[in-house]
Amino acid sequence: SPIVGSPVSRMLRDMGAAVTVGHRGLSTDALKNLVGSADIVVTCAGDPSAVHADWLSDGCEVVNIGTTFCEDKDSLLSDVEGDIAAKAKRYSPVPGGVGPLSNPILFRNVARAAWDQAEGPQG
């Protein structure tokens, strides 16, 4: 995604990581192999069950960003289906993981943009 996936992949590349990006166009087998070979998995598909916990490599790290609200269950669903804790060394839970960071970061960015706009063009 342009909001999360692209910036995170750029940040990780800038830090020296070898980054491979999976997307909706991948077959299930290709995605399973990609996830299974990763040391760090960042999910932001917004597609419940896009990744299955049993695909994860033992001891990997999971940053689980993607969530979808399910009206039937009245809850947020994760991109990762299954017991992440059984495979991952560390992971961000859904709900309560990365999501609570979104609001203060959005507020900070809006405040910066308003401040920059109020200062006018720098010449």
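Every value quoted in this text rests on a predicted model; they were computed, and no experiment measured them.

1. Description of the overall build of the chain
Part 1 of the reasoning: A count of helices and strands for the chain gives 3 helices and 7 strands.
Part 2 of the reasoning: When its helices and strands are written in sequence order, the chain yields α-α-β-β-β-β-β-β-β-α.
Part 3 of the reasoning: With the principal axes as the frame, the chain shows a C-alpha extent of 55 × 40 × 30 Å.
Part 4 of the reasoning: Expressed as a percentage of the 123 residues in the chain, the buried residues total 20%.
Part 5 of the reasoning: Across the chain, every contact between residues at least 6 apart in sequence was considered, and the portion connecting residues at least 24 apart equals 45%.
Part 6 of the reasoning: In the structure as shown, the chain presents an accessible area of about 8,600 Å², 55% of it carried by carbon and sulfur atoms.
Part 7 of the reasoning: Computed over 10 positive and 15 negative side-chain charges, the separation of the two mean positions in the chain equals 6 Å.

2. A word on unusual backbone geometry
Part 1 of the reasoning: Here the phi dihedral of S49 falls at roughly 70°; this positive angle occurs in a residue that is not glycine.
Part 2 of the reasoning: Mapped onto the elements, S49 comes out in the loop between β1 (40-43) and β2 (51-52).
Part 3 of the reasoning: By relative accessible area, which is 26% here, S49 ends up partly exposed.

3. What about the pairing of strand β3 (residues 61-64)?
Part 1 of the reasoning: One ladder, built from 4 bridges, connects β1 with β3; its direction is parallel. Following the sheet pairing, V42 is matched in β3 by V63.
Part 2 of the reasoning: Looking at chain direction, β3 and strand β7 (residues 90-91) are connected through 2 bridges and run parallel. Across the sheet, V62 pairs through a bridge with Y91, a residue of β7.

4. What to know about the pairing of strand β4 (residues 67-70)
Part 1 of the reasoning: Sheet analysis places β4 next to strand β5 (residues 75-78), joined by 4 bridges and oriented antiparallel. When the bridges of β5 are listed, C70 appears paired with S75.

5. Here we look at the nonpolar core
Part 1 of the reasoning: V35, V51, L56, V62, V80 and I84 are the most contacted members of the largest nonpolar core, which totals 14 residues.
Part 2 of the reasoning: Contacts of I84, omitting those with residues within four sequence positions, involve A53, L56, V62, N64 and Y91.

Cut-offs used in this document
Chains are numbered independently. Their residues run from 1 in the order of the written sequence. Reporting in this predicted model follows two pLDDT cut-offs: at least 70 for local features of residues, and 80 or more for side-chain atom pairs to be given and counted; totals over whole chains, interfaces and linings ignore these cut-offs and use all residues. To get the side-chain values, take all heavy atoms of the structure and skip hydrogens and water. Each helix is a run of H or I in the DSSP string that is no shorter than four residues. Each strand is a run of E no shorter than two, and both are numbered from the N terminus. Relative accessibility decides the category of a residue: with a 1.4 Å probe and only protein chains considered, values under 20% of the type maximum give buried, values over 50% give exposed, and everything between is partly exposed. Whether two residues are in contact is decided by their heavy atoms, any of which lying within 4.5 Å being enough. To be clear on the numbers: accessible area is Shrake-Rupley with a 1.4 Å probe, and residue cover counts the displayed protein chains and nothing else. Positive charge is attributed to Lys and Arg, negative charge to Asp and Glu, and no charge count is given to His or to the chain ends. Charge coordinates come from a single atom per side chain, which is NZ of Lys, CZ of Arg, CG of Asp or CD of Glu. Following DSSP output, two strands are said to pair if at least two bridges run between them. Only buried Ala, Val, Leu, Ile, Met, Phe, Trp, Tyr and Cys residues count toward a nonpolar core, and they belong to the same one when joined by side-chain atoms within 4.5 Å.

No statement about biological role is implied by the geometric values presented.
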